Amino acid sequence: MHNASPDQVTLANCENEPIHTPGSIQPHGALVALAADGRVLSRSQNFAEHLGTDAQPGHPLPAVLLSQLGELVEAGLGASEGWGDSARCGEGEASFDVIAHRFKNVIYLEFEPQPLPENAFHHLAGDAQRIISRIRHARDTEALLRRVTAGIHELTGYDRVMAYRFRPDDSGEVVAEAHRPGLVSYLGQRYPASDIPSQARRLYIQNPTRLIAEVTYDPSPLIPAMHPETGQPFDLSYCELRSVSPIHCEYLNNMGVRGSMSVSIVVGGKLWGLFSCHHQTSKQLAYSVRLSFQMVSQICAALVERLEQIQEGEAINLAQTRIHALEEGLHDAGDLIAALCQASPGLDQLVECEDVAVCLKGRVQTLNGIADDAARQMQSHLSMLSDHDLYAVNRWPGSAPVNGLCGVLAVRFDRRKNGWIMWFRPEQVENVRWGGKPEKIVDTGPSGPRLTPRGSFEAWEEVVRGQAVPWSRIERNVAERLRQAIANVMFHRVSNTDSMRQMLIAALGHDLRTPLQSITMAASMLSDNEQRTARLRQAIATSTGRMSRLVSHVMELSRLQAGLGMALARVPTDVSALLGDLANEAELAYPGLSLERDITPGIQANVDPDRLAQVVINLIGNASQHGVGNRARLSLSAGPKEVLLTVANPAPPMSEHRLQNLFAPFKGTTSQQGNRDGLGLGLYISDAIARAHGGSIRAEQGEGEVRFTVRIAV
Ligand code: BLA
């Protein structure tokens, strides 16, 4: 009888069965456990039966074994944790593969009868090599697994070889299969997570192979059962012969299987799947064949990992490029929701979906109009939920799907304003072919009432409704990337608009006060004296002129910020004459300024003369205000394709940072070196004007001078 007590395994504790310490082994081989000094701690009851001599607890291994295995035992005694090796002993029909390892200070030696000559291993290496060369160039995991199962089928001779892949919910599916003719196919069948409980899955990561030679075996107990020093059961996690769970044996028996073998597929440290082999009669597989199998499986896992990485890398790269393009369009957008919904490539191209919704401050907009109601419901659902910025379900959380939509992937890009992007997927009716009705049945088994594995493995079809295709890891990753990109844009927009608003208020307060004071004063002094009245009128005109310039700067700024661009009225203009006039005006406007002129006469160009005047006046104004010595030089020349205009003046050196930021709006207005005559918008607007003319404006410093160069294409 099995020595584990099946009657103790219930629905609740199925996962707690300590399968690593069964206290017994499968009887097709024998085991001995040695202490670190070489003394026998325990051995399987069938030891003498297999080896013709017993291993007495408290004594060294029998001399006949030591003489053949001295080297292996020596190595194990001197080795550290995790050591493992193998050897052979005996002769002819009575040959054994001896598989040794050290775990928790115990050296385990397992003896498997093995009539195969040692050199068979070379053939195996060749077989494995052939399989590997066949699978190396598989383009996708499906093809890869198909080829591996076919190869393993040939290599091992099992009736049925399956590749079993775990799904996110730990249920599994047979994704590739090779079997002897005449067997029904299990391909595509699904098995619930509880068929392989979690401790069994964990053990698969430590020990990749599991062989059951005969599912109806009687285990051979370890005697003594406990470690004499620790009083603990022996941990057989890494043993080849470990007795497996009786429930699992019953399961296989119900499935019509007598011999089985499995090897795990571990990808990135996680149990990704396994190869499961069934035989309708007892079957033992030589250790060397198992090693070849294991090697093929490891290479297969590496190939799976590589294929998945390539696939993931390509998908993420593509999405990232799209996210970048989308992000670019958002920076200057007036209406963020509209911009997100109209973006091209669209939000619906990032993640496979039926519709996308953008929600912000209670506003909801969808791309295709299908998810309007669903998005509203989801928005209030999400606002009550947790702190998470990513939410994904493939079953609608409310009572019934809205408009047939069941799956939602949502990311929050703005917490304050409840900003979400949501992708929606419709219901996908799925026909799941379970390998038998996936129910745990409490039944009266061989040892009384307990949980039994199901008795029937006939395919049982379940129609699963109300759920959508689940959101993949890549899709979540892409959604998260988009979330970060938009959150970033939001952050900049907020900081831009907030700080702009502040600066605008500060600057307007400061800049408008001075001219207003002048007007007030001038008005109060208006009298009948004609001469005086004329002067006062002039003063009022100047002040109001400055005010209206300020106002138009602000207007222009908001036009530019809204992305409306600079409106130009180009006419053929004598730029030389225009500049001459402007220089004269400037000398009047800035008394005391000495303006050196170097204007090539007769230069014609198609420009907006008012706009160009705005640039020149601004540059000369800056020279008078920020320069030293109230001197400036204005020059104009023409190249083959452009007109070159420079304003240079002696000036204290500027920091690199300031030089870099000269054309940004508002710089410096709130600082000490404040601009007495404006919002610091002049250069920003000048730059926009130059660019609207297909030209540029540049600032340089050197030799005690600051020089602005305006280039206008002609
Ligand atoms: C183990 N169950 C397993 C294993 C597999 C499966 C592959 C690993 C051991 C092995 O190599 O056989 C399941 N085998 C399958 C499936 C297919 C297959 C799904 O070939 C599909 C074709 N099992 C139950 C219930 C319990 C249970 C109800 O159905 C628990 C009460 C337990 N299964 C169980 C346990 C193990 C197991 C405990 C570990 C066996 C061991 O390693 O000791």
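Residues numbered from 1 in each chain as written. Predicted model: local features only at pLDDT ≥ 70, side-chain atom pairs only at ≥ 80, totals over all residues. Heavy atoms only, no water.

Undergrad: Lay out the overall build of the protein chain with the relevant residues and their values.
TA: Check the secondary structure of the protein chain and you find 15 helices and 29 strands. By the burial criterion, 48% of the 714 residues in the protein chain qualify as buried. For the protein chain, restricting intrachain contacts to residue pairs at least 6 apart in sequence, the fraction spanning at least 24 positions comes to 64%. For the protein chain, the accessible area works out to roughly 34600 Å², and carbon and sulfur atoms hold 51% of it. (Helix = DSSP H or I, 4+ residues; strand = E, 2+ residues; numbered from the N terminus. Buried < 20%, exposed > 50% of the residue type's maximum accessible area, 1.4 Å probe, protein only. Contact = heavy atoms within 4.5 Å. Areas by Shrake-Rupley, 256 points an atom, 1.4 Å probe, with all protein chains shown as cover.)

Undergrad: Please set out the side chain of Glu240 residue by residue, giving values where relevant.
TA: Counting through the fold element by element, Glu240 comes out in the loop between β11 (220–223) and α6 (246–254). Polar contacts involving the side chain of Glu240 include one to the side chain of Arg290, which spans 2.8 Å. Glu240 has contacts with Ile99, Glu110, Glu112, Thr209, Tyr287 and Arg290, leaving out every residue within four places of it along the chain. (Polar contact = N/O pair within 3.5 Å; in protein donor to acceptor, adjacent residues only side chain to side chain.)

Undergrad: Please give an account of the sheet that holds strand β5 (residues 96–103) that cites residues and values.
TA: Either a parallel or an antiparallel arrangement is found when strands of a sheet pair, and the pairing is made through backbone hydrogen bonds. As summarised here, the arrangement of the 7 strands in space is β1-β11-β3-β2-β6-β5-β4, forming an open sheet in which the pairing is antiparallel. The open sheet terminates on both sides in strands that have one partner only, identified here as β1 (24–25) and β4 (84–89). By the bridge criterion, 8 bridges tie β5 to strand β6 (residues 106–113) in an arrangement that is antiparallel. Considered in β6, the bridge of Asp97 is made with Glu112. Seen against the sheet, helix α2 (residues 63–78) touches β2 (30–34), β4, β5 and β6 and runs at an angle of roughly 175 degrees to β4. (Pairing = 2+ DSSP bridges. Axes fitted to C-alpha atoms, helices over the stretch in contact; angles between N-to-C directions.)

Undergrad: Describe the sheet that holds strand β14 (residues 355–360), naming the residues involved and giving the relevant values.
TA: Ordered by their spatial adjacency, 5 strands build an open sheet running β15-β14-β18-β17-β16, and the pairing between neighbours is antiparallel. Each end of this open sheet is capped by a strand with a single partner; those strands are β15 (363–366) and β16 (390–393). Pairwise comparison of adjacent strand axes, ignoring direction, gives a mean angle of 15 degrees for this sheet. Packed onto the sheet, helix α9 (residues 372–384) meets β14, β15, β16, β17 (405–414) and β18 (419–426) and runs at close to 125 degrees relative to β18.

Undergrad: I'd like to hear about helix α5 (residues 198–206), residue by residue, with values.
TA: Taken together, the buried positions of α5 are Ser198, Gln199, Ala200, Arg201, Leu203 and Tyr204. Looking at the packing, one finds that the buried side of α5 touches β7 (160–166), β10 (209–212), β12 (259–267) and β13 (270–279).

Undergrad: Account for the environment of Glu556, naming residues and giving values.
TA: Checked against the element boundaries, Glu556 lands in helix α11 (residues 530–561). On the basis of relative accessibility, which here comes to 10%, the residue Glu556 falls in the buried class. The spatial distance from the C-alpha of Glu556 to the C-alpha of Ala688 is 9.8 Å, given a sequence separation of 132 residues. Not counting residues up to four positions away in its chain, the partners in contact with Glu556 are Met566, Arg611, Gln614 and Ile685.

Undergrad: Go over the pairing of strand β8 (residues 172–179) with me, naming the residues and quoting the values.
TA: Summarising the sheet, β7 and β8 pair through 7 bridges and their orientation is antiparallel. Pairing of Phe166 across the sheet is with Gly172, part of β8. Hairpin connection of β7 to β8: 5 residues between the antiparallel strands, including Asp170 at a positive phi of 70 degrees.

Undergrad: Help me get a handle on the packing of aromatic side chains, residues and values and all.
TA: Overall, the coordinates contain 9 aromatic pairs when judged by the stated rule. Pairing Phe47 with Phe111 gives two aromatic rings, centres 5.5 Å apart and planes at 90 degrees, and the pair type is edge-to-face. Of this pair, Phe47 sits in helix α1 (residues 47–51) while Phe111 sits in strand β6, and the two are 64 residues apart along the sequence. Taken as a pair, Phe47 and Phe111 share a single burial class, namely buried. Measuring from ring centre to ring centre gives 5.8 Å for Tyr164 and Tyr191, while their planes differ by 50 degrees; the resulting arrangement is tilted. Here Tyr164 is found in strand β7, whereas its partner Tyr191 is found in strand β9 (residues 190–191), with 27 residues between them in sequence. What makes Tyr164 buried here is its relative accessible area of 9%. The positively charged end of Arg160 is found above the aromatic ring belonging to Tyr186, 3.7 Å away from the centroid. Directly above the ring of Tyr204 sits Arg210, whose terminal nitrogen or CZ lies 4.2 Å from the centroid. (Phe/Tyr/Trp six-rings, centres within 6.5 Å; stacked < 30°, edge-to-face > 60°. Lys NZ or Arg CZ within 6 Å of the ring centre and 35° of its normal.)

Undergrad: A description of the site of the ligand should follow, citing residues and the corresponding values.
TA: Of all residues adjacent to the ligand, which total 26 residues, the nearest are Cys14, Arg242, His248, Ser262 and His278. Within the backbone of Asp195, a nitrogen or oxygen atom sits 2.9 Å from a nitrogen atom of the ligand. Measuring from an oxygen atom of the ligand, one finds a side-chain N or O atom of Ser276 at 2.9 Å. Coverage of the ligand by the protein amounts to 99% of the 870 Å² it exposes when considered alone. When residues of the shell around the ligand are traced back to their parent elements, those giving at least two are β7, α5, α6, β12 and β13. In terms of residue class, the shell around the ligand is made up of 15 nonpolar, 7 polar and 4 charged. (Near = heavy atom within 4 Å. Nonpolar A, V, L, I, M, F, W, Y, C, P; charged D, E, K, R; others polar.)

Undergrad: So what about the packing of helix α13 (residues 609–626) against helix α15 (residues 682–692)? Which residues, and what values?
TA: At their nearest, the axes of α13 and α15 sit 9 Å apart, and the two run at 145 degrees to each other. Relative to α15, the crossing made by α13 is left-handed. For the pair α13 and α15, contact is made by Arg611, Gln614, Val615, Asn618, Leu619 and Asn622 and by Gly682, Leu683, Ile685, Ser686 and Ile689, respectively. In the contact of α13 with α15, the residues fall into 5 nonpolar, 5 polar and 1 charged. (Left-handed = near helix turned anticlockwise from the far one by under 90°.)

Undergrad: Residue-level account of α2, with values.
TA: For α2, with 16 residues, the first-to-last C-alpha span of 19 Å runs short of the 22 Å given by 1.5 Å per residue. At Leu69, α2 shows its strongest bend, of approximately 80 degrees. Along α2, the residues classified as buried are Leu65, Leu69, Leu72, Val73 and Gly76. (Expected span 1.5 Å × (residues − 1). Bend = angle between axes of the 7 residues up to and from the residue.)

These figures come from the coordinates and say nothing about function on their own.
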